[in-house]
Amino acid sequence: MARLFRKTKHKLGRSPGSIEFTGERKVDKTRIRVIDYDPESLEEKELLTAEDCSPYRDLPPISWINFDGLHETDLLEKVAIHFGVHPLVMEDVVNPNQRPKIEDHQDHLFIVFRMVYFDEETLRISAEQISMIVGSNYVLSFQEKPGDVFEHVRERLRKGKGRLRTHGPDYLAYALLDAVVDHYFVVLERVGENIESLEEQLLENPSPELLQDVHRLKREMILLRKSIWPLREVVAALERTESDLIQEKLGLYLRDLYDHTIQVVEAVESFRDILSGLQDLYLSSISNRMNEVMKVLTIAATIFVPLTFVAGIYGMNFDHMPELHWRFAYPVFWAVILILGGGMLLFFSRRRWL
Amino acid sequence: MARLFRKTKHKLGRSPGSIEFTGERKVDKTRIRVIDYDPESLEEKELLTAEDCSPYRDLPPISWINFDGLHETDLLEKVAIHFGVHPLVMEDVVNPNQRPKIEDHQDHLFIVFRMVYFDEETLRISAEQISMIVGSNYVLSFQEKPGDVFEHVRERLRKGKGRLRTHGPDYLAYALLDAVVDHYFVVLERVGENIESLEEQLLENPSPELLQDVHRLKREMILLRKSIWPLREVVAALERTESDLIQEKLGLYLRDLYDHTIQVVEAVESFRDILSGLQDLYLSSISNRMNEVMKVLTIAATIFVPLTFVAGIYGMNFDHMPELHWRFAYPVFWAVILILGGGMLLFFSRRRWL
Amino acid sequence: MARLFRKTKHKLGRSPGSIEFTGERKVDKTRIRVIDYDPESLEEKELLTAEDCSPYRDLPPISWINFDGLHETDLLEKVAIHFGVHPLVMEDVVNPNQRPKIEDHQDHLFIVFRMVYFDEETLRISAEQISMIVGSNYVLSFQEKPGDVFEHVRERLRKGKGRLRTHGPDYLAYALLDAVVDHYFVVLERVGENIESLEEQLLENPSPELLQDVHRLKREMILLRKSIWPLREVVAALERTESDLIQEKLGLYLRDLYDHTIQVVEAVESFRDILSGLQDLYLSSISNRMNEVMKVLTIAATIFVPLTFVAGIYGMNFDHMPELHWRFAYPVFWAVILILGGGMLLFFSRRRWL
Amino acid sequence: MARLFRKTKHKLGRSPGSIEFTGERKVDKTRIRVIDYDPESLEEKELLTAEDCSPYRDLPPISWINFDGLHETDLLEKVAIHFGVHPLVMEDVVNPNQRPKIEDHQDHLFIVFRMVYFDEETLRISAEQISMIVGSNYVLSFQEKPGDVFEHVRERLRKGKGRLRTHGPDYLAYALLDAVVDHYFVVLERVGENIESLEEQLLENPSPELLQDVHRLKREMILLRKSIWPLREVVAALERTESDLIQEKLGLYLRDLYDHTIQVVEAVESFRDILSGLQDLYLSSISNRMNEVMKVLTIAATIFVPLTFVAGIYGMNFDHMPELHWRFAYPVFWAVILILGGGMLLFFSRRRWL
Amino acid sequence: MARLFRKTKHKLGRSPGSIEFTGERKVDKTRIRVIDYDPESLEEKELLTAEDCSPYRDLPPISWINFDGLHETDLLEKVAIHFGVHPLVMEDVVNPNQRPKIEDHQDHLFIVFRMVYFDEETLRISAEQISMIVGSNYVLSFQEKPGDVFEHVRERLRKGKGRLRTHGPDYLAYALLDAVVDHYFVVLERVGENIESLEEQLLENPSPELLQDVHRLKREMILLRKSIWPLREVVAALERTESDLIQEKLGLYLRDLYDHTIQVVEAVESFRDILSGLQDLYLSSISNRMNEVMKVLTIAATIFVPLTFVAGIYGMNFDHMPELHWRFAYPVFWAVILILGGGMLLFFSRRRWL
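Note that the coordinates shown come from a computational prediction; the quantities given were computed from them, not determined experimentally. (Residues numbered from 1 in each chain as written. Chains lettered and ligands numbered in written order. Predicted model: local features only at pLDDT ≥ 70, side-chain atom pairs only at ≥ 80, totals over all residues. Heavy atoms only, no water.)

## Looking at the overall build of chain A
- The number of helices and strands found in chain A is 8 helices and 7 strands.
- For chain A, the C-alpha radius of gyration of 34 Å lies well beyond 20 Å, the compact-globule estimate for 354 residues.
- Counting only C-alpha atoms, chain A reaches 120 × 45 × 30 Å along its principal axes.
- The 354 residues of chain A split such that 61% are buried.
- In chain A, of all internal contacts separated by at least 6 residues, the share reaching a separation of at least 24 is 69%.
- With an accessible surface of roughly 13600 Å², chain A has 53% of that area assigned to carbon and sulfur atoms. (Helix = DSSP H or I, 4+ residues; strand = E, 2+ residues; numbered from the N terminus. Rg over C-alpha atoms; globule rule 2.2 N^0.38 Å. Buried < 20%, exposed > 50% of the residue type's maximum accessible area, 1.4 Å probe, protein only. Contact = heavy atoms within 4.5 Å. Areas by Shrake-Rupley, 256 points an atom, 1.4 Å probe, with all protein chains shown as cover.)

## With respect to the interface of chain A and chain B
- Facing 67 residues of chain A, the contacting portion of chain B comprises 67 residues.
- Of the roughly 6100 Å² buried between chain A and chain B on both sides combined, carbon and sulfur atoms contribute 64%.
- For the pair chain A and chain B, the interface holds 7 salt bridges.
- With its nearest N and O atoms 3.5 Å apart, the salt bridge here joins D273(A) to R225(B).
- Viewed at the interface, chain B and chain A are joined by 16 residue pairs in polar contact (both at pLDDT 80 or more).
- At the level of secondary structure, the elements contributing two or more residues to the side of chain A that touches chain B comprise α4 (151-159), α5 (169-204), α7 (251-313) and α8 (329-350) of chain A.
- For the side of chain A that touches chain B, the leading source of residues is α7(A), giving 34 residues.
- Among the residues making up the side of chain A that touches chain B, the classes are represented as 31 nonpolar, 18 polar and 18 charged. (Buried area = accessible area lost by both parts, 1.4 Å probe. Salt bridge = Lys/Arg side-chain N within 4 Å of Asp/Glu carboxyl O. Polar contact = N/O pair within 3.5 Å; in protein donor to acceptor, adjacent residues only side chain to side chain. Nonpolar A, V, L, I, M, F, W, Y, C, P; charged D, E, K, R; others polar.)

## Describing the relation of the copies chain A and chain B
- Here chain A sits on chain B after a turn of 72° about the axis and a move of 0.0 Å along it, with an RMSD of 0.1 Å. Both copies are brought into coincidence by an operation consistent with a five-fold rotation axis. The position closest to the rotation axis in chain A is occupied by the C-alpha of G315(A), lying 4.5 Å away.
- Different-surface contact between copies: only 15% of interface residues of chain A are shared with the interface of chain B. (Least-squares fit on C-alpha atoms with pLDDT ≥ 70 in both.)

## Re the side chain of Q129(E)
Residues and elements named next belong to chain E.
- Tracing the backbone shows Q129 in strand β6 (residues 124-134).
- There is a polar contact of 3.1 Å between the side chain of Q129 and the backbone oxygen of D92.
- A distance of 2.9 Å separates the side chain of Q129 from the backbone nitrogen of Q98, its partner in a polar contact.
- Those residues within four positions of Q129 in sequence are excluded, and the remaining contacts are D92, V93, N95, P96, N97, Q98, V112, F113, R114, F142, Q143 and E144.

## Here we look at the arrangement of the chains
- Chain A shows no contact with chain D. Their nearest C-alpha atoms sit 9 Å apart.
- A gap remains between chain B and chain D, with no contact made and the closest C-alpha atoms lying 9 Å from each other.

## Points about the pattern of salt bridges
- Applying the stated criterion across every chain, the model contains 127 salt bridges over all chains.
- The salt bridge partner of R31(A) is E46(A), with a shortest N-O separation of 2.7 Å. Linking R31(A) in strand β1 (residues 31-37) with E46(A) in strand β2 (residues 42-47), this pair joins segments that are 15 residues apart in sequence.
- Overall, E46(A) belongs to the partly exposed group, its relative accessible area being 46%.
- One salt bridge in this structure joins D256(B) and K101(C), with 3.5 Å as the shortest N-O distance. Of this pair, D256(B) sits in helix α7 (residues 251-313) while K101(C) is found in strand β4 (residues 101-105), placing the two residues in two different chains. Grouping residues by exposure puts D256(B) and K101(C) together as buried.
- Put simply, D92(A), K101(A), E103(A), E239(E), R255(E), D256(E) and D259(E) are held in one network by salt bridges that share partners.

## Quick look at the domain arrangement of chain A
- Per the domain assignment, the segments of chain A are domain 1 (31-285) and domain 2 (314-350).
- Taken over C-alpha atoms, the centre of domain 1 of chain A sits 80 Å from the centre of domain 2 of chain A. (Domains from an automatic or database assignment.)

## Quick notes on the pairing of β2(A)
All names here are of chain A.
- Sheet topology places β1 next to β2; 6 bridges connect them, and they run antiparallel. Among the inter-strand pairings, V34 is bridged to a residue of β2, identified as K45.
- Taking the residues between adjacent antiparallel strands as the criterion, β1 and β2 are bridged by 4 residues. (Pairing = 2+ DSSP bridges.)

See the structure below:
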């Protein structure tokens, strides 16, 4: 049951602040990539040890150090010591089930949030935890596995155009958050397309499989809400923060980002409402169909069961059944049958069943 | 899936604040119309280039410059530079999926909101984004395509009567917002008429098509709420604003406008509740009908199936069946049949099934 | 669609603050009645023109001027000028679809609210807009048509006992509001009686007509809530107001009135919950009935269909059917039939279907 | 319709503050009991007239004067004058449909709330209004009829142990409120027992009567919530009050009482949720049963109707039916019948209908 | 009815603050265990009498005294006197139905909360009340019965590593709360696993038993929410407290703990939503199945009932039935039968019933 709720048992009995990886190991070796830049120059490197990171802490150019893979806790512990990060923070970094949050630790901000992906095959939304530590001239980012939505940010850094190169690490952190929220939009767009397609199919030809898809999407929306609501709080807190690490001119961008998270929240709520509407629609179309089926059965049975009875009577072998010997008994029988049957049809069409 | 959620993919990877049109292109060429007025005189012109707009920025008469069409981003970028508008604002203008909002940029206010139309054929509500930049003596308005709800405002400007000509650009902005909110009323009136008509038809003769209409209207109400809730916030923010661009005497009008947006919000909520009620009503009338059908079937089958069995018995060909040779067997058979059938009818009428 | 949402189209294109009657004309001629009183004396008169009203503005005895009928906008416009009332206020007076609200205009308060009536025939709640302008020594009240719930207030004024004659126009305004809220109680009492009676009937003998009544009452509760929620805000604002027109000693009475509006709000919410409960109850009793019907059908069919088959076998005309010639075939046939039928009955009673 | 909403018509047309009994008369004669106590001594008496009460107002020992019966308004009016109580307060005392509330009148506090009883026969919760006026050395309490939940408080007063005798009238008022809230616990415990028993019965053998009980309890919970929510506000207001009549050391006890009212509120909400769950459970078990019934019918009909048709064919009297004359026609017929029937059974068991 | 709502009757009539055990007696004899530690040393002992506890109150090393069993109220009363605890607090300790809360009594904090267990057999969540009194150098903890989730804390104390030994009693109290909240995670993980498994089974093969399990889990979630919501408030209050007993450096840990309680709250809410979704899914799959059953019945009956009628006709014994004597009557009969039957099948496949 990894999806609905996850917290590994190994945590129990450990002292708070002990750094122990509790997630699923998704990568062989932690990969450390650094991008060191100032308005004039940019340098990209891969680092191998925690010690390699330490020079980037205080040197003037802005450094973005990204870690892919969280299971090498020794390495991360050393990084934590080099950058003066509290063990409780590092514990959150390596425990990939955090609720999105922001913490202000004087000389650095700690931000944790979730990046989401949508698998259209299974209609499942999967999430990966991203942690960021934003200092005065560095940004550390931690991911569970390689592959992310930050490639666009790297491109913009490399091209050197735009504000990224000329602004500080706070703008870089904003750009990363913005990339994540933009990816929520991509996911929601896909979900929205699936909902529209489900709606069309439901209106045309409701089937139990469609209902299961509606149910699955609805559950994913419940889980998605658990990621996006606290992210909204994180962005709001970032906007209101009094930390010196966030410069005032970033306010406008953060306000814009906040508007986007609100849009995501509202879309998730609308999708839930619309999916509930689809469930209701399905149930009533099932009722409609059952009604149709019942009418057909009722018409067939109600017409032919009495007629069969009449036929049965004249199949009896009583010695004395005067009708059997009448000359026109058989045509009369047919007349009675047709009148009876016609009467029933009239009755049903009066009730608008036909 | 343009309707439920829309955010074009081209946005991804672009730097925030880059002005790139992301909507559907709805017009060939951007049309620029300016109305230049003071209490004594009024002049209407069509402009061709961004440079033509610049004189209107600082000249004393109040200017309303309206842009129909958002895809010529070069032109709009130049306009932005002439009027000192932040690129992030201009990005929002050309991205026609903004959440309604208001931003105070010292020397101008930026307001974005949605104008809605109701198509009674498809029961769909469509929306068009309108952006306004309100300066000390100008109002810039941006629309996706020509055709709007502002014609009444233009007429009042031309006639020169009323407060429009004597008040500042803040009153013009208010008049435009008021026209948009008034059009929400028109849309809601139409929706309300459709709901009343659906209700009458449902009570008379429930059909699956009616239910689909109820479902569609309910979904539109969910989407409409996403437009009107933030608009309410915009008007409230405008009322509370401390910007010098909004004069104090406008307060009373804004309060009035706010009351109207509240009325729209409440109507949307009531409509959702009433539409839910209609769905329930439909489902229960379907149940009622099924019940009726079942009763007819049950009565027919329960009376004639046993009788057919009795008739079947005396159609058997056993050599030794004494009843067959009795003198009054046949009349007795009929008596039994009638008593049995009458008994069943009595049973059903006792249960109030007839 | 006058009931769910109403705002006349004529409003569109008019300048805000233009006084134009937009309601349904419910009376031929506006009737102006004035009651002029102080603790010692009381005078009742009918006035004919707007000019007749003006003396009552500043003269010391307290004057209550009541207008029945809102379509003579010329007259009302003149009254507005005499009493120094803002055109935007007068526009609200003659537009009978306002959301209840209170506005403080320095030298007078403007209060608008809705008076409700309940028609037990149609189970519909109808509303009439009442506006009040409360000055330092006058109260103007505007109604759509003659006939109101204020007769008790007039009686108390005439009798001269109680606080009405000795207190100011603020107490008169309170007394009018109190009369309106008291009438909400009357309406709710009637609605409550209807709900109790519906509940009893539903428990005894559920019918589709009852469900339609439940649906209708539920919709009326949705509409009623739109009248009473803002009225609650109006009374709360009146209690908190810092206007000199409301004397401090009125606070206790307003608190009492506020408690009453809260009681109305809570009753409306409870009624909605209870009506939803009735709908659920109806649906499940329908399901119960269907279940009963199905059992009867199933028992009849499941017993007699197999027996008919057995009878059918021995009605066949094969040349070689040894059973037909057995001596005791017929009694054996009956024994088999009775055992089969009895077995089925046993099976059904085991399943508690009988 | 006394239960869902009650406000007598006689109120209409009366001036606010006129003391007129509007409830149902539940007792012949108002009974006045006084308990006069200080830490050393206690005296219990029955009083006959309003004048008898007046000495207890200012005399040093603490006096608790309890009135059973509210219809003798003359007597109560005199009491009001003796104790300096505002007529609007006295009006609330004798109108037994008040929303629970607290009012601070400088030299006394007025508290009104509801005592509830649960009748397990009818599953109905009935309520009685209790009013308290708490002065500096007296407590007046008013009940609709004799018999209350205060006997335990009287016992503790008489025994003289505990804090009751040594603390002031504020502690006595607290003790009375505490006794009332404790009785809510008793009622909720009974309701909870009923819910548990209903749940067990529903799981075992769902019947329409059980559903009606669930419906009834749910409606009572809606009504109970109307009593307890405002009581919670009353206790919270009492805790926060700045009145000199409530001593600071009572704070801890009031906080405790507040916790209890919160517990009651939460229990009522949980009960509503659980009862809704029971309704859903009932509906789905009805659906399950219907499904069972339908399967039996379908299996019986689907097997025997085709077989009966086959038997019917060979009961026909055509002159030329070669099969009838075949030597082994009859055994072959049986073989066909058994294969057909067996095939159907196989089909049904494949579909898991058996 | 111990589970839905519990408050023993013995409480009625007792003075507030009288210490009387009201729970179910779950242990024979109260067991008192003390762990006395400072950074250098640790001592564990079992105590026998209340007097044995008193030395631990003021002696410098930090003491954690744990009581298993609450029925020996004499002993607990003596402890209360030794440690200066208010009787109202001690009353709450021995009444095991408290709402989780925190109270600041100057020289000690009183915290009460609930520890939960999940029984996967019955799908029931059981709870045990834990009370803590946190003083300047001691922590008293009270449990209903032996066996708890604190063993990990004891281990960490004994091992002497981590912060536990070097920090004060506030950190110990935090560690105990953290252990309890961690156990909520364990319970939720189990519940989540059960929900996932129920979901899979429902999608595969819905059965009434599964629905009852869904219902049970949903009710447990309602009850669990009653434990966790107030616990969240407790932790929030602890974080905000201005008590000297909580050192400032604990803030970070409490913030972390608060995040965990929020996660529990959100998980409970998500589970409720998901369980509701499962109920809907079950109901619609039942409807689907019924629809399937109905189609089979309808197809069988609608094809064979008319055919049986035709066969019945030619089983009649009229003297004059010309068809009976035709040469090819029997083959023609079969042709008619097959055409009729085939037509019906075509009709059904057109309607997509096959």
